[in-house]
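# Architecture and fold: a report
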Amino acid sequence: MKKTAVLALTLLVVLVVAGCRSVKFSTPTAYENVNGTSEVTVSIKEQSLTDTGLTLLIQNNTQQQLSYDMTYTIEQKRDGSWYSMDGQQVFHSLAAILKPEDTNEFDVTWAKKLPMGTYRVIKPVSTSQGDTPLAIEFEVQ
């Protein structure tokens, strides 16, 4: 009886720990159109993708000053559809200015290692067309 109880308790602990370490993507995307705009482009800085984050390069292609806040969303592609990381929209009230024809770096982080798959970061930027969500895909091998 003691062996069964110890085995059951061990199994429960393993399941709880495994559940705490996994990243979940269960909410269907809120973004229908992420084609962006010619006013601003986003790319991933070379060699910046790690187990816990990456650096975006946000480039202003206009003669006007643009801005963005610190929000971003990480999504996973499964069966041809996008799903947002549960509880993962990061927000700070600070705003950043993107000078005309300039490029800013923007750090994106996640707390736990992502499983293998296709992902994207969605980063909203304020343009002449209003808040424009920009998306950039990446692979975790």
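What you are looking at is a predicted structure, and each value in this text was computed from that prediction instead of being measured.

Inspection of the secondary structure puts T73 in strand 5 (residues 73-78). Each C-alpha atom, one on T73 and one on V108, is 9.1 Å from the other, the two residues being 35 residues apart in sequence.

Strand order across the open sheet formed by three strands is 2-3-8, with antiparallel pairing between neighbours. The sheet is open, and its two edges are formed by strand 2 (40-44) and strand 8 (103-109), each paired on a single side. Recorded for the sheet is a direction-independent mean angle of 25° between the axes of neighbouring strands. One ladder, built from seven bridges, connects strand 3 (residues 53-60) with strand 8; its direction is antiparallel. Along strand 8, the bridge assignment pairs I58 with N104.

Right, let's talk about the packing of aromatic side chains for a bit. Summed over the entire model, instances satisfying the criterion amount to five aromatic pairs. Plain terms: the ring middles of F25 and Y119 are 5.5 Å apart, the flat faces sit at 55° to each other, and that makes the pair tilted. On the criterion of sequence distance, the pair formed by F25 in strand 1 (residues 25-28) and Y119 in strand 9 (residues 117-127) is long-range, its members being 94 residues apart. For the pair shown, F25 and Y119 are each scored as buried. Between Y119 and F138, the aromatic rings sit 5.7 Å apart at their centres with planes inclined by 25°, giving stacked as the arrangement. In this pair, Y119 is assigned in strand 9 and F138 in strand 10 (residues 130-140), connecting sequence segments 19 residues apart. Take Y119: its relative accessible area is 0%, and that puts it in the buried class. What makes F138 buried here is its relative accessible area of 5%. An aromatic cluster is present here, built from F25, W110, Y119 and F138 joined pairwise through their rings. The ring of Y83 carries R78 above its face, with NZ or CZ at 4.1 Å from the centroid. Across the ring face of F106, the terminal group of K123 is positioned such that the distance to the ring centre comes to 4.9 Å.

Let us look at the side chain of R120. Relative to the helices and strands, R120 resides in strand 9. In terms of polar contacts, R120 uses its side chain to reach the side chain of T29, at 3.4 Å. Excluding its chain neighbours within four sequence positions, the residues that come into contact with R120 are T29, Y31, V34, T73, I74, E75, W82, A135, I136, E137 and F138.

Backbone geometry places Q47, a non-glycine residue, at a positive phi of 65°. Mapped onto the secondary structure, Q47 falls in the loop between strand 2 and strand 3. When its relative accessible area of 75% is taken as the criterion, Q47 is described as exposed. A positive phi angle, close to 50°, is found at E101, a residue other than glycine. Here E101 shows up in the loop between strand 7 (95-98) and strand 8.

The rules behind these values
- Residues numbered from 1 in each chain as written.
- Predicted model: local features only at pLDDT ≥ 70, side-chain atom pairs only at ≥ 80, totals over all residues.
- Heavy atoms only, no water.
- Helix = DSSP H or I, 4+ residues; strand = E, 2+ residues; numbered from the N terminus.
- Pairing = 2+ DSSP bridges.
- Axes fitted to C-alpha atoms, helices over the stretch in contact; angles between N-to-C directions.
- Phe/Tyr/Trp six-rings, centres within 6.5 Å; stacked < 30°, edge-to-face > 60°.
- Buried < 20%, exposed > 50% of the residue type's maximum accessible area, 1.4 Å probe, protein only.
- Lys NZ or Arg CZ within 6 Å of the ring centre and 35° of its normal.
- Polar contact = N/O pair within 3.5 Å; in protein donor to acceptor, adjacent residues only side chain to side chain.
- Contact = heavy atoms within 4.5 Å.

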